[in-house]
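Architecture and fold: a report
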Amino acid sequence: MDQWKTLKSDYIHKSPFGNIRKDQCELPNGIVIDDYYVNEYSDWVNAVVITKENQIVLVEQYRYAGEDFFLEVPAGKIEENETYEEGIIREVIEETGYISVKKPIYLGEYMVNPATQNNKVISYLILDAFKEFEQELDDTEEVTVKLIDFNDMGKLIQEKKMKTQLFTAHAYLMAKMYLMER
């Protein structure tokens, strides 16, 4: 199996949020796809944040495209000259006000949707977290912090009692596997 060749690239849209690129690609068998669209986004970081009381710290917010409120792990994109670890610590503090004296534990990374997106999510686990600060939200953010028992989260997702998205469910499973191996 061989990689595809990019014959031509044009930007359809550019913004601080992300870019949309239209590529012309040639497949190894010679077929040419004239309009292959790629969404370019910054890498994201997220964290499963667990308190000393074994509560997972989640953020609830309205998601316009999903037309509903969702519970999610704290997450965001990396700012310029930030490491992934620095980025997740900043995001957790901004969104939740929680911190830990323990260093974030790297859980892994994965592509969001490599068929159409070029970014990845880097997941961390933060243990023994405690509330130290007030939230520092952007003007466009309205976020409510929710705490639930870490051991109940999987069941809540499976029974559709918790609305969430893929990267939260995946980060939760990665954290659960990590903790089970300890």
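My aim in this report is to walk through the structure given alongside it, one point at a time.

On to a nonpolar patch on the surface. Taken together, Ile 12, Ile 20 and Tyr 37 make up a surface patch of nonpolar side chains, about 270 Å² in accessible area. Positionally, Tyr 37 belongs in strand β3 (residues 32-40). Looking at Tyr 37, the relative accessible area reads 41%, which means it is partly exposed.

Here the focus is the layout of surface pockets. If you roll a probe as big as a water molecule over the atoms, it shows you where there is empty space left. Its boundaries defined by the atoms lining it, the largest pocket holds a volume of some 1,400 Å³. Phe 17, Gln 61, Arg 63, Glu 72 and Glu 141 are the residues nearest the centre of the largest pocket, which is lined by 37 residues in total. Contributions of two or more residues to the lining of the largest pocket are made by β4 (44-51), β5 (55-63), β6 (68-72), β7 (75-77), α1 (84-96) and α3 (166-181). By residue number, the principal contributor to the lining of the largest pocket is β5, which donates five residues. For the lining of the largest pocket, a count of residues per class yields 17 nonpolar, eight polar and twelve charged. Estimated volume of the second largest pocket: approximately 200 Å³.

Turning to its location among the elements, Asp 152 is positioned in the loop between β11 (144-149) and α2 (153-158). On the basis of relative accessible area, Asp 152 is assigned to the partly exposed category, the value being 42%. Sequence spacing of Asp 152 and Gln 55 is 97 residues, and the spatial spacing of their C-alpha atoms is 9.5 Å.

As a further point, take unusual backbone geometry. Despite not being glycine, Glu 67 shows a phi value in the positive range, around 50 degrees. Structurally, Glu 67 is set in the loop between β5 and β6. Phi is positive for Lys 160, close to 55 degrees, though the residue is something other than glycine. Mapped onto the secondary structure, Lys 160 falls in the loop between α2 and α3.

Over its 13 residues, α1 runs 18 Å from end to end, which matches the ideal 18 Å to within 8%, given 1.5 Å per residue. Buried-residue contacts for α1 involve β4, β5, β7, β8 (98-99), β10 (120-131) and β11. Phi turns positive one or two residues past the end of α1, at Gly 97, with a value near 85 degrees.

Positionally, Tyr 178 belongs in helix α3. In this structure, the C-alpha to C-alpha distance between Tyr 178 and Leu 125, residues 53 residues apart in sequence, is 8.9 Å. When near neighbours in sequence (up to four residues on either side) are disregarded, Tyr 178 contacts Ile 105, Leu 107 and Leu 125.

This paragraph deals with α3. Between its first and last C-alpha atoms α3 spans 23 Å; for 16 residues at 1.5 Å apiece the expected length is 22 Å, and the two agree. Taken together, the buried positions of α3 are occupied by Phe 167, Thr 168, Ala 169, Ala 171, Tyr 172, Met 174 and Ala 175. Buried residues in α3 make contact with β4, β6, β7, β9 (105-111), β10 and α2.

The rules behind the values
Residues numbered from 1 in each chain as written. Predicted model: local features only at pLDDT ≥ 70, side-chain atom pairs only at ≥ 80, totals over all residues. Heavy atoms only, no water. Patch = residues over 30% accessible without salt bridge, like charges linked within 9 Å, V, L, I, M, F, W, Y side chains within 5 Å. Areas by Shrake-Rupley, 256 points an atom, 1.4 Å probe, with all protein chains shown as cover. Salt bridge = Lys/Arg side-chain N within 4 Å of Asp/Glu carboxyl O. Helix = DSSP H or I, 4+ residues; strand = E, 2+ residues; numbered from the N terminus. Buried < 20%, exposed > 50% of the residue type's maximum accessible area, 1.4 Å probe, protein only. 1 Å grid on protein atoms, 1.4 Å probe; cavity = no way out; pocket = protein on both sides within 12 Å on 5 of 7 lines; lining within 4 Å. Points joined across faces, edges and corners; volume = space filled by probe spheres on them. Nonpolar A, V, L, I, M, F, W, Y, C, P; charged D, E, K, R; others polar. Expected span 1.5 Å × (residues − 1). Contact = heavy atoms within 4.5 Å.

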